[in-house]
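Results of the structural survey
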Amino acid sequence: GFPEGTLDILNEAETRAKILDDGSSLITVYSRIGHYHSLKGNPGLGITYSEMSFEQAVKMKDIAFMAQTARYLCLSHFVRGDNRKMFEISYRTLRMIEESKREKDIYFGINVYSVLCGWCGHALGIMGKSHEYASYMEKGIMIAQQCNDKYAMGYIEQMHAVTLFWEGADGDTIIDHAQKCIRYWGEGGVDIFMGLGWCILGIGYSLLGEYETAATHLLKGYQLQEKVA
């Protein structure tokens, strides 16, 4: 999360990085500021900073930093509902990671290749490219499993479930992916997003017409998320 005073600290970090002409630190600071504004309800400003971070990484020809900043840039475009931009950024970065054969070794708390596969697959699904999106979800979960990254495994299952919902999939399919998401995050101790997994599970049951079960899961999801808010 971003407690009170976070933005002041980030702004001070930006000032110092500029004084020191520290390109690597600027990438990180711009990325964090972009993430902050996207989650705090200002996606336009979030995108501005995320793009600054991405372009700085491109300038330095640092694939690892490009991957990390692309992750946050995709989040900013997701918040704004710009699926085409989300696809363009994630697809471009995935190709570079694959060409350098670094699918398994770029980590920022989570396997970034898997995260970008989730964003890319989600964007394709929302844009109606059903025959293409599943392959990205499969690649993302495969790499996450090979790395035994429970956080990434849960993330991909969550993105898959959400994409299936927007595509109009049946409740059973959504429930299957939501249950996997909850299991992986539980095994990995990823408490911060666990409530989201239970809410998606509730949505799956609501599509089956099992409204009492759905309400129970949604309430549990809300209560779990409230604890970590």
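Structure shown above.
What comes next is a walk through the structure. Each chain carries its own residue numbering, running from 1 in the written order of its sequence. Whole-chain, interface and lining totals are the exception, using all residues; otherwise, since this is a predicted model, local features are given only for residues with pLDDT of at least 70 and side-chain atom pairs are given and counted only at 80 or more. The side-chain quantities take in all heavy atoms of the structure and omit both hydrogens and water.

Details of the overall build of the chain
Our working rule: The helix and strand labels rest on DSSP assignments: H or I over at least four residues marks a helix, E over at least two residues marks a strand, and numbering proceeds from the N terminus. Note that the radius of gyration is over C-alpha atoms, with the globule rule given as 2.2 Å times the number of residues to the power 0.38. A simple rule labels every residue: compare its accessible area, found with a 1.4 Å probe on the protein chains alone, to the largest value its type can have, and call it buried under 20%, exposed over 50%, or partly exposed in between. Throughout, a contact is declared for two residues whenever any of their heavy atoms are within 4.5 Å. Calculation of accessible area relied on Shrake-Rupley with a 1.4 Å probe; when residues are assessed, cover is drawn exclusively from the protein chains displayed.
Across its full length, the chain carries eleven helices and zero strands. Traced from its N-terminal end to its C-terminal end, the chain shows the element sequence α-α-α-α-α-α-α-α-α-α-α. Scaling as 2.2 N^0.38, a compact globule of 229 residues should have a C-alpha radius of gyration of about 17 Å, and the chain matches this with 18 Å. On the principal axes, the C-alpha backbone points of the chain span a range of 60 × 40 × 30 Å. Looking at the chain as a whole, 48% of its 229 residues are labelled buried. Residue pairs at least 24 apart in sequence account for 60% of intrachain contacts in the chain once pairs closer than 6 positions are excluded. With the model as given, the accessible surface of the chain reaches about 11200 Å², and the carbon-plus-sulfur share is 53%.

Observations regarding the nonpolar core
Here is the rule: Think of a nonpolar core as a cluster: buried Ala, Val, Leu, Ile, Met, Phe, Trp, Tyr and Cys residues, connected wherever their side-chain atoms sit within 4.5 Å.
If you look at the biggest cluster of nonpolar residues, it comprises 55 residues, and the most contacted ones within it are Leu94, Leu116, Trp119, Tyr155 and Leu201. At the level of secondary structure, the elements contributing two or more residues to this core comprise α3 (43–60), α4 (63–80), α5 (83–99), α6 (112–126), α7 (130–146), α8 (150–167), α9 (171–188) and α10 (194–207). At nine residues, α6 tops the list of elements feeding residues into this core. Ignoring anything within four residues of it in the chain, the contact list for Leu201 reads Ile175, Ala178, Gln179, Ile182 and His217. The next biggest cluster of nonpolar side chains, apart from the first, holds eight residues, and it includes Ala17, Leu26, Val29 and Ile33.

Some words on the environment of Gly81
With respect to the helices, strands and loops of the structure, Gly81 is situated in the loop between α4 and α5. On the basis of relative accessibility, which here comes to 47%, the residue Gly81 falls in the partly exposed class. Residues Gly81 and Lys129, spaced 48 residues apart in sequence, show a C-alpha to C-alpha distance of 16 Å.

Some remarks on a nonpolar patch on the surface
To keep things clear, this is the line we draw: Think of a patch as exposed residues, more than 30% relative accessible area, with no salt bridge, where like charges cluster within 9 Å and nonpolar side chains (Val, Leu, Ile, Met, Phe, Trp, Tyr) cluster within 5 Å. By definition here, a salt bridge exists when the distance from a side-chain nitrogen of Lys or Arg to a carboxyl oxygen of Asp or Glu is within 4 Å.
On the surface, a nonpolar cluster with roughly 530 Å² of combined accessible area is contributed by Ile126, Phe165, Trp166, Ile203, Leu207 and Leu218. Every element with two or more residues in the nonpolar patch is listed here: α8 and α10. Relative to the assigned elements, Leu207 resides in helix α10.

A short note on the packing of aromatic side chains
Applied cut-off: Between rings of Phe, Tyr and Trp, where Trp is taken as its six-membered ring, a pair exists when centres lie within 6.5 Å; planes separated by under 30 degrees are stacked, by over 60 edge-to-face, and by other angles tilted. Consider the ring centre and the ring normal. A charge sits over the ring if Lys NZ or Arg CZ is within 6 Å of that centre and within 35 degrees of that normal.
Using the criterion set out here, one finds eight aromatic pairs in the structure. Geometrically, the ring pair formed by Phe165 and Trp166 is edge-to-face, given 5.4 Å between the ring centres and 70 degrees between the ring planes. Exposure remark for Phe165: the relative accessible area of 33% places this residue in the partly exposed category. Aromatic ring contacts, followed pair by pair, group Phe78, Trp119 and Tyr155 into a single cluster. The ring of Tyr184 has Arg183 lying over it, and the distance from NZ or CZ to the ring centre is 4.8 Å. It is Lys220 that lies over the ring of Trp198; its NZ or CZ is 3.8 Å from the centre.

Let's talk about unusual backbone geometry
Residues other than glycine seldom take positive phi values, yet Lys101 does so here, at roughly 55 degrees. Checked against the element boundaries, Lys101 lands in the loop between α5 and α6. The class for Lys101 is exposed, based on a relative accessible area of 70%. Of note in this structure, Asn148 is not a glycine but carries a positive phi near 50 degrees. Assignment of secondary structure puts Asn148 in the loop between α7 and α8. Residue classification places Asn148 among the exposed positions, given a relative accessible area of 54%.

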